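# Survey of secondary and tertiary structure
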Amino acid sequence: MRILTLAGATLLLVGSSPSAAAQEWSEEQQEVWNAEVACINSHVDPIDWEARKACFHPDFIGWGVQDPVPTAFGEKELEYRFGRTVVRLEEMTPLRILVEGDLAVIQLVVHTVMSTDGGPDEETWVGWTDIMKRDDGRWRWIADHGHSIKGAPGDG
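Before going into details, it helps to say that this report is about the structure given with it. (Residues numbered from 1 in each chain as written. Predicted model: local features only at pLDDT ≥ 70, side-chain atom pairs only at ≥ 80, totals over all residues. Heavy atoms only, no water.)

### Some words on the side chain of Arg140
Along the chain, the position of Arg140 falls in strand β6 (residues 138-148). Residues contacting Arg140, with those up to four places away along its chain left out, are Ala54, Cys55, Phe56, His57, Pro58, Ile131, Met132, Lys133 and Asp135. (Helix = DSSP H or I, 4+ residues; strand = E, 2+ residues; numbered from the N terminus. Contact = heavy atoms within 4.5 Å.)

Shown next as structure tokens:
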């Protein structure tokens, strides 16, 4: 689960790697990527809690970098997790987008500089696989999995 809540001055960049930049997205892939970006941006300070919650399918399950096992989150868990972190920089690079009917798989790299619970800033590079499901014309996260990328710049 992405534990990102933005507060204060924040910079959000949507980047592209050479391989991603060389890809041409179909209209359907671009629609999914736009939904992905909108959902991630929904936690910009001040958080739009209703938009943020609307990004999660009721059956969502995720396996975040810090989680020992997959987890499902209710409304209170989402507010707790997203309410603890200040993100100073976030860059997203899409790598692959696969759309099959009402399901989409987005593979991306997210570079983040953030602090949790008022601690020092930490830099992370995380590979995410997000799975979105289209319900009533809206793409929402139904599952995700993130893993630290070892050897990335800033990885001590």
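Once the structure has been displayed, the description carries forward.
### Quick look at the pattern of salt bridges
Under the counting rule described, the total for this entry stands at four salt bridges. The partner of Arg134 in a salt bridge is Glu28, with the nearest N and O atoms 4.0 Å apart. Placement of the pair is Arg134 in strand β5 (residues 122-135) and Glu28 in helix α2 (residues 27-41), with a sequence separation of 106 residues. Notably, a salt bridge pairs Arg134 with Asp102, separated by 3.0 Å at the nearest N-O pair. Taken together, the residues span a long stretch of sequence, with Arg134 in strand β5 and Asp102 in the loop between β3 (85-100) and β4 (103-116) at a distance of 32 residues. Residue class for Asp102 comes out partly exposed when judged on its relative accessible area of 41%. One network of salt bridges, in which partners are shared, links Glu28, Glu31, Asp102 and Arg134. (Salt bridge = Lys/Arg side-chain N within 4 Å of Asp/Glu carboxyl O. Buried < 20%, exposed > 50% of the residue type's maximum accessible area, 1.4 Å probe, protein only.)

### Quick notes on the packing of aromatic side chains
Following the criterion strictly, the structure yields two aromatic pairs and no others. Both rings, one in Phe56 and one in Phe60, keep their centres 5.0 Å apart while their planes meet at 90°; by these two values the pair is edge-to-face. The exposure classification of Phe56 matches that of Phe60, with both residues buried. A connected cluster of aromatic rings, assembled from ring pairs, spans Phe56, Phe60 and Trp141. (Phe/Tyr/Trp six-rings, centres within 6.5 Å; stacked < 30°, edge-to-face > 60°.)

### Here's the deal with the pairing of β6
Bridge analysis of strand β2 (residues 56-63) against β6 gives four bridges, and the strand direction is parallel. Counterpart to Ile61 in the pairing with β6 is Ala143. The pairing of β5 with β6 spans ten bridges and is classified as antiparallel. For Asp130, the partnering residue across the bridge sits in β6 and is Asp144. (Pairing = 2+ DSSP bridges.)

### With respect to the nonpolar core
Val32, Met132 and Trp141 are the most contacted members of the largest nonpolar core, which totals 22 residues. At the level of elements, α2, β2, β3, β4, β5 and β6 are the ones that each hand at least two residues to this core. Counting residues per element, this core draws most heavily on α2, which supplies six residues. The contact partners of Met132, leaving out residues within four places of it in the chain, are Val32, Ala35, Glu36, Cys39, Asp102, Leu103, Ala104, Ile106, Trp139, Arg140, Trp141 and Ile142. (Core = buried A, V, L, I, M, F, W, Y, C linked by side-chain atoms within 4.5 Å.)

### Topic: unusual backbone geometry
Its identity as a non-glycine residue notwithstanding, Asp117 has a phi of 55°, on the positive side. As for its position among the elements, Asp117 is in the loop between β4 and β5. Take Asp117: its relative accessible area is 54%, and that puts it in the exposed class. A positive phi angle, near 50°, is found at Asp136, a position not held by glycine.

It is worth stressing that arrangement in space is one thing and function is another; only the former is reported here.
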